[in-house]
Amino acid sequence: MLNNRFFATLFKILILPLLAVPGSAFAEYGLNLPKGVTPISRDIYGLHMTIFWVCVGIAVIVFGVMIYSMIYHRKSKGAVASNFHESTTIELIWTAVPLAILIAIAVPATRVLIDLENTDKADMTVKITGYQWKWQYEYLDNGVSFFSNLSKKSRDGIKNAEIRNTDDHYLQDVDKRLVLPVNTRVRFLMTSNDVIHSWWVRELGVKQDANPGFINDSWAYIEEEGVYRGKCTELCGKDHGFMPVVVEVVSKENYAIWVDEQKAEIAAAAASGDREWSMDELMTRGQEVYSTNCAACHGTTGAGVPGAFPAMAGSAITTQPENLEAHIAIILNGQAGTAMQAFGKQLSDSDIAAVVTYERNAFGNNTGDITQPAQIKSAR
Amino acid sequence: MATTTTDIDADTHHDHEDHHHGPEPGLMRWVKTTNHKDIGYLYLWFAFGMLLIGGAMAMVIRAELFMPGLQFVEPQFFNQMTTMHGLIMVFGAIMPAFVGLANIQIPTMVGAPDMALPRMNNWSFWILPFAGAMLLSTMFMEGGGPAFGWTFYAPLSTTFAPDSTDYFIFAIHMLGFSSIMGAINIIATVMNMRASGMKLMDMPLFVWTWFITAFLLIAAMPVLAGAVTMMLTDRNFGTSFFDAAGGGDPVMFQHIFWFFGHPEVYIMILPAFGIVSQIIPTFARKPLFGYSSMVYATGSIAILSFVVWAHHMFLTGMPVAGQMYFMYATILISVPTGVKVFNWVSTMWRGSMSFEIPMMWAVAFVILFTIGGLSGLMLGIVPADIQYHDTYFVVAHFHYVLVSGALFSIIAGVYYWLPKWCGRMFNEKLATIHFWWAVISVNVLFFPMHFLGLAGMPRRIPDYGLQFADFNLIASLGGFAFGLSFLLLAYIVVDCIRNGKVVKEARVWESAKGLEWTLPTPAPYHTFNEEPSRELILKESSHTGDNH
Ligand code: HEC
Ligand code: HEM
Ligand SMILES: [Cu+2]
Ligand SMILES: [Cu+2]
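Residues numbered from 1 in each chain as written. Chains lettered and ligands numbered in written order. Predicted model: local features only at pLDDT ≥ 70, side-chain atom pairs only at ≥ 80, totals over all residues.

Chain B goes by Cytochrome c oxidase subunit 1 in an unreviewed UniProt entry, where it is assigned to Leucothrix arctica. Recorded in UniProt for chain B, the comment headed Sequence similarities (unreviewed entry) runs: "Belongs to the heme-copper respiratory oxidase family." In the Pathway (unreviewed entry) part of its UniProt record, chain B is described as follows: "Energy metabolism; oxidative phosphorylation." (UniProt positions renumbered as here; feature names shortened; annotations may be inferred.)

By the naming in an unreviewed UniProt entry, chain A goes by Cytochrome c oxidase subunit 2 and is assigned to Leucothrix arctica. Listed in UniProt under the heading Catalytic activity (unreviewed entry), the comment for chain A reads: "4 Fe(II)-[cytochrome c] + O2 + 8 H(+)(in) = 4 Fe(III)-[cytochrome c] + 2 H2O + 4 H(+)(out)". As stated in UniProt under Function (unreviewed entry), the record for chain A gives "Subunits I and II form the functional core of the enzyme complex. Electrons originating in cytochrome c are transferred via heme a and Cu(A) to the binuclear center formed by heme a3 and Cu(B)."

Set out below in structure tokens:
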């Protein structure tokens, strides 16, 4: 056959990329794991590089022998086949040697594993809850709590190349970041409100499934201030690709200031429910609330997805006056056993009033109905 | 065992009396056939059809991922594509293709007239098109088809799934029936129809690996059936196996799934080991190195494959002791896998090699499968898996072992045995082009995925950040090229069957060993009507050195 010559060349080409991967020079091109900013992430990086080189070593030996024999033990070169086909000694050696190498890897791996599973003695705790398709962060030590959604710019960029190309962090940005203090042992508790999600930030060396009805934990001691980005990694439905994680690590002082700001904001939001809102105010706010919280399922135009998510445009519940109470109720309490979440604990009275008003007047529904925060308060 | 040839099914018995009785003319031949070769061909064509359908879905996936942003499909449809692609490739393409090869080859390799249970054989094939059609039909139902990944984790596949999921469950049940019947048939054939002069340790490795695979199938498929049945009752009859609100546990689903799923991946690779172990000795003109250790390695892989399942679940919140155990067990399983690779390399060592088309595929298999095995080793190290899990690194791993592993071995096997089946030689020039085209494009397609995974790209996403654009573009180009290579394969095979150069030699490849090469070419409709003698069996053994 004519290919004999090409074989050797091809296999060299195949192995070359393998050899090229690890150099830290490639790190900035995003070819490799980052070292990260926690002791654990650095340990993981070290392990990763060790096993990588072990694999390269094995590959070089195995492929080397193979290529040698493919070049020199060819019939066309007049090679005469020998007849050896058994050797218990050789078989024992190549069972024992790999086993020994693997045990040598397993030892440091076990050490890192024990370290990273030890979540005792945390300085603070953040509870992370996965929702379709956003994250909720609750700071159990100070009561701060909020949702983190895909940033508006990224969402707009999904179907618009112009916006996308000016977005420095396309699909990697959120409307509200998880803020953490530097040099603090943070414990994460993960759970989910609906399906399984998984919270991953590479630089922290944290990836952990968030299971509905169960709580998992993990931890990080972050040693450098900065912004670290991650993703949901467990398929969680339609918008699985659109629920990023952004962690901002700040100095302890700035963290304290941030916490105070958050508390003030929460108080202001609660107060906003105490007054009458105008139709315009409600519609503007309603559109914001709708596009962050509802559009993923019910669609920006309220058309929904037939068979999965009901339409808001022209549906009985959003247009018939007698259904107003039911409309408010389903938003507050959700519908158990479906993707429709209970927004009562996620949104303030004024936000829910705004989104109800919006749904009843947008998408050509034009009912003219106005819902005030006070109505939501009494419906709770 | 000599007696058993007399108590086989009446059909075959009748054939015994009429040696020249050929196939029934017309289409009904294929519907009613109980002939192992006919059924094998049906399996192979079905698998190829499914491969093209699943491949078309992969093209949709790669087109959408060609660049950032959503261009062609909506996320929900994208998820249906990844789900159906995985299900179709696993259950529709790879598994049926191996069963097809087993059907055609095993009787010819153990000196039997046919499979032990020919009528059941017919049935186990004819379930498949219905199961496949039902699975595909879900895509046209309201709410769309399954969109929860080929691993269909609860509760995304129960509480949050579209109505069509119940049809998906039924399709899985049917596929499982088919596989189990196929497996029973293979075990019965190997045990009862084997020529009396052939001891177990005389069997060719393809027969051995399939024999062991058949036991894996019988043990694993019912577990899958259990998992989907629990889903069914959770969805429709108010149980809460996987629903925490009712006292169930979604992670239990994963345990059950992977208790099936990990043996399943070995179901898809052990027969591949067998094929490659047939081809390499032929073209190295040297007996297989370490035949018995190959058999034992296969056996130990099969047993170990039932105790490593949770390496797919390291991040589900398993206790640290569990993580350690599954890490060690996973590391252990890579040892016998390594032994196989070393044996193939030693078989080549100091052989007298020539690189006919099947050999080229076999060599590509050994190299690329090894790359996949090494990345598997990396994945087995728990702390490292934290960073790899559910990223493109895993996607790269399992495509190296399944595409350039399992699928390449099937292609190798088809090129190896096709001339024997149809008595014609394929166009070797075209086949050479096909080989290089596929081998290069498959690497362009899957190698960059290692980098994507390490760079932070999760799997199963329809859109990604701009930093992943370059490698996705490369992978997509490789994907389109690789997809096209299958059209060339189809042409080569059809061209071979219709116009290929006629081959008359019984031993199509000069140095091939094995009972199948003692049959005339093309292989007669009915295989061994007379039992081959022990002398012949020993002479044709590819692993005793006596005749080389
Ligand atoms: C994760 C997907 C999802 C999100 C996000 C979501 N919904 Fe829903 N919604 C659903 C589903 C599914 C149903 C149907 C529930 C059922 O089967 O009863 C539904 C039902 C409804 C209904 C009742 C429709 C009818 O015809 O009965 C209203 C009103 C509604 N949602 C409003 C909202 C509002 C307002 C928001 C945002 C604050 C929102 N939804 C966010 C999935 C979602
Ligand atoms: C050397 C032996 C191997 C080892 C140590 C190994 C290890 C692993 C591990 C640890 C994972 C889980 C990765 C993760 O999800 O984080 C995995 C995934 C996978 N492996 Fe392997 N593997 C090996 C060989 C194989 C073979 C031979 C096949 C099939 C032919 C295979 C098919 C798969 C598949 C399909 C998945 C992904 C399943 C999914 O999540 O969809 N592996 N492997
Ligand atoms: Cu997700
Ligand atoms: Cu596995």
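Having seen the model, we can carry on.
## Overview of the overall build of chain A
If you tally the helices and strands in chain A, you get twelve helices and ten strands. For 380 residues, the compact-globule estimate of 2.2 N^0.38 gives 21 Å, and chain A exceeds it by more than 25% at 28 Å. Reported as C-alpha extents along the three principal axes, the dimensions of chain A are approximately 95 × 50 × 40 Å. Scored against the burial criterion, the 380 residues of chain A give a buried share of 39%. When contacts within chain A are restricted to residue pairs at least 6 apart in sequence, those whose partners lie at least 24 apart make up 64%. (Helix = DSSP H or I, 4+ residues; strand = E, 2+ residues; numbered from the N terminus. Rg over C-alpha atoms; globule rule 2.2 N^0.38 Å. Buried ≥ 20, exposed ≤ 12 C-beta atoms within 10 Å, placed from the backbone. Contact = placed C-beta atoms within 7 Å.)

## Section: the overall build of chain B
On a plain count of helices and strands, chain B comes out with 17 helices and two strands. Relative to the 2.2 N^0.38 estimate, which gives 24 Å for 548 residues, the radius of gyration of chain B is 23 Å and therefore close to what a compact globule would have. Along the longest, intermediate and shortest principal axes, the C-alpha atoms of chain B span 65 × 50 × 45 Å. Across the 548 residues in chain B, those meeting the buried criterion constitute 64%.

## With respect to the UniProt feature "domain: Cytochrome oxidase subunit I profile" (unreviewed entry) in chain B
Using the residue numbers shown here, the UniProt feature "domain: Cytochrome oxidase subunit I profile" (unreviewed entry) corresponds to residues 30-535 of chain B. When the span residues 30-535 of chain B is considered, its composition is 69% helix and 1% strand, and the gap between its end C-alpha atoms is 36 Å.

## Some points on the site of ligand 1
All names here are of chain A. With respect to spatial proximity, 20 residues lie near ligand 1, and among them Cys 294, Cys 297, Gln 335, Ala 339 and Met 340 are the closest. Taken together, the elements giving at least two residues each to the shell around ligand 1 come down to helix H8 (295-298), helix H10 (324-333) and helix H11 (349-361). For the shell around ligand 1, a count of residues per class yields twelve nonpolar, seven polar and one charged. (Near = placed C-beta within 6 Å. Nonpolar A, V, L, I, M, F, W, Y, C, P; charged D, E, K, R; others polar.)

## Observations concerning the domain arrangement of chain A
All names here are of chain A. Parsing chain A into structural domains produces domain 1 (4-117), domain 2 (124-270) and domain 3 (276-379). Computed over C-alpha atoms only, the centres of domain 2 and domain 3 are separated by 25 Å. The interface of domain 2 with domain 3 comprises eleven residues on the first partner and six residues on the second. Looking at the side of domain 2 that touches domain 3 residue by residue, the classes come out as five nonpolar, three polar and three charged. (Domains from an automatic or database assignment.)

## A word on the interface of chain A and chain B
At the interface, 89 residues of chain A touch 87 residues of chain B. Taken together, the elements giving at least two residues each to the side of chain A that touches chain B come down to helix H1 (4-20), helix H2 (39-72), helix H3 (88-117), helix H5 (161-165) and strand E7 (206-210) of chain A.

## A short note on the nonpolar core
All names here are of chain B. Core analysis: the biggest nonpolar cluster contains 279 residues, and Ile 94, Val 276, Trp 361 and Ala 412 have the highest contact counts within it. Counting residues per element, this core draws most heavily on helix H14 (residues 392-422), which supplies 22 residues. Setting aside anything within four residues of it in sequence, one finds Val 276 in contact with Trp 344, Ala 362, Phe 365, Val 366, Ser 409 and Ala 412. (Core = buried A, V, L, I, M, F, W, Y, C linked by C-beta atoms within 7 Å.)

## With respect to the sheet that holds E7(A)
Residues and elements named next belong to chain A. Judged by pairing direction, the sheet is mixed, and its five strands sit side by side in the order E4-E10-E9-E6-E7 without closing on themselves. Every interior strand has two partners, whereas the edge strands, strand E4 (178-181) and E7, have only one. Strand-to-strand, the axes of this sheet are offset by a mean angle of 25°, without reference to chain direction. By the bridge criterion, three bridges tie strand E6 (residues 197-201) to strand E9 (residues 226-232) in an arrangement that is antiparallel. Note on E9: the bridge partner recorded for Val 201 is Gly 230. (Pairing = 2+ DSSP bridges. Axes fitted to C-alpha atoms, helices over the stretch in contact; angles between N-to-C directions.)

## Section: the site of ligand 2
Residues and elements named next belong to chain B. Around ligand 2, the structure places 25 residues, and the nearest of them are Val 265, Gly 376, Leu 379, His 389 and Phe 398. Elements with a minimum of two residues in the shell around ligand 2: helix H11 (320-348), helix H12 (357-380), helix H13 (382-388) and H14. Among the elements that take part in the shell around ligand 2, H14 stands out by supplying seven residues, more than any other. Considered class by class, the residues forming the shell around ligand 2 number twelve nonpolar, twelve polar and one charged.

## Describing the pairing of strand E5 (residues 185-192) of chain A
All names here are of chain A. In this structure, strand E1 (residues 124-131) lies alongside E5, joined through seven bridges in parallel fashion. Bridging across to E5, Gly 130 finds its partner in Ser 192. The pairing of E5 with strand E8 (residues 216-221) spans six bridges and is antiparallel. Bridging from a neighbouring strand, Phe 188 pairs with Ser 218 of E8.

## Topic: the packing of H3(A) against H11(B)
A packed helix pair is summarised by two numbers, namely the angle formed by the two axes and the spacing between the axes. Where H3(A) contacts H11(B), the axes come no closer than 10 Å and their chain directions differ by 160°. Classified by the interaxial angle, the pair formed by H3(A) and H11(B) is roughly antiparallel. When the axes of H3(A) and H11(B) are compared, the crossing they make is right-handed. Contacts between H3(A) and H11(B) involve A:Trp94, A:Thr95, A:Pro98, A:Leu99, A:Leu102, A:Ala106, A:Ala109, A:Thr110, A:Leu113, A:Ile114 and A:Glu117 on the former and, on the latter, B:Val320, B:Gln323, B:Met324, B:Met327, B:Tyr328, B:Ile331, B:Val335, B:Gly338, B:Val339 and B:Phe342. For the contact of H3(A) with H11(B), the per-class residue count stands at 16 nonpolar, four polar and one charged. (Parallel < 35°, antiparallel > 145°, perpendicular 65-115°, else oblique. Left-handed = near helix turned anticlockwise from the far one by under 90°.)

## So, H11(B)
All names here are of chain B. A rise of 1.5 Å per residue sets the reference length of H11, with its 29 residues, at 42 Å; its end C-alpha atoms lie 43 Å apart and thus fit the reference within 8%. Within H11, 21 of the 29 residues are buried, leaving the element largely enclosed by the surrounding structure. Positive phi shows up at Arg 350, right after H11, with a value of about 55°. (Expected span 1.5 Å × (residues − 1).)

## Some points on H14(B)
Where H14(B) bends most, at B:Tyr416, the angle is about 35°, and the proline B:Pro419 comes one to four residues later. B:Gly423 sits one or two positions beyond H14(B) and adopts a positive phi of about 70°. (Bend = angle between axes of the 7 residues up to and from the residue.)

## Overview of the environment of A:Glu288
In this fold, A:Glu288 is placed in helix H7 (residues 279-293). Residues A:Glu288 and A:Val355, 67 residues apart in the sequence, show an inter-C-alpha distance of 8.4 Å.

## Quick notes on the UniProt feature "transmembrane region" (unreviewed entry) in chain A
All names here are of chain A. In the numbering used here, UniProt assigns the feature "transmembrane region" (unreviewed entry) to residues 51-71 and 92-114. Strand forms 0% of residues 51-71 and helix 100%; the C-alpha atoms that close the span are 29 Å apart. A helix fraction of 100% and a strand fraction of 0% characterise residues 92-114, whose end C-alpha atoms lie 32 Å from each other.

## Here's the deal with unusual backbone geometry
Residue B:Pro155 follows B:Ala154 across a cis peptide bond; omega there is 0°. Within the element layout of this structure, B:Pro155 appears in the loop between helix H5 (118-137) and helix H6 (165-193). For the bond from B:Thr521 to B:Pro522, the omega torsion is -10°, close enough to zero to count as cis. With respect to the element layout, B:Pro522 can be found in the loop between strand E2 (501-502) and helix H17 (534-539). A positive phi angle, close to 65°, is found at A:Leu171, a residue other than glycine. Checked against the element boundaries, A:Leu171 lands in the loop between H5 and E4. Positioned with a positive phi, A:Asn183 is a non-glycine residue whose angle comes to about 45°. The class for A:Asn183 is partly exposed, based on 13 C-beta atoms found within 10 Å.

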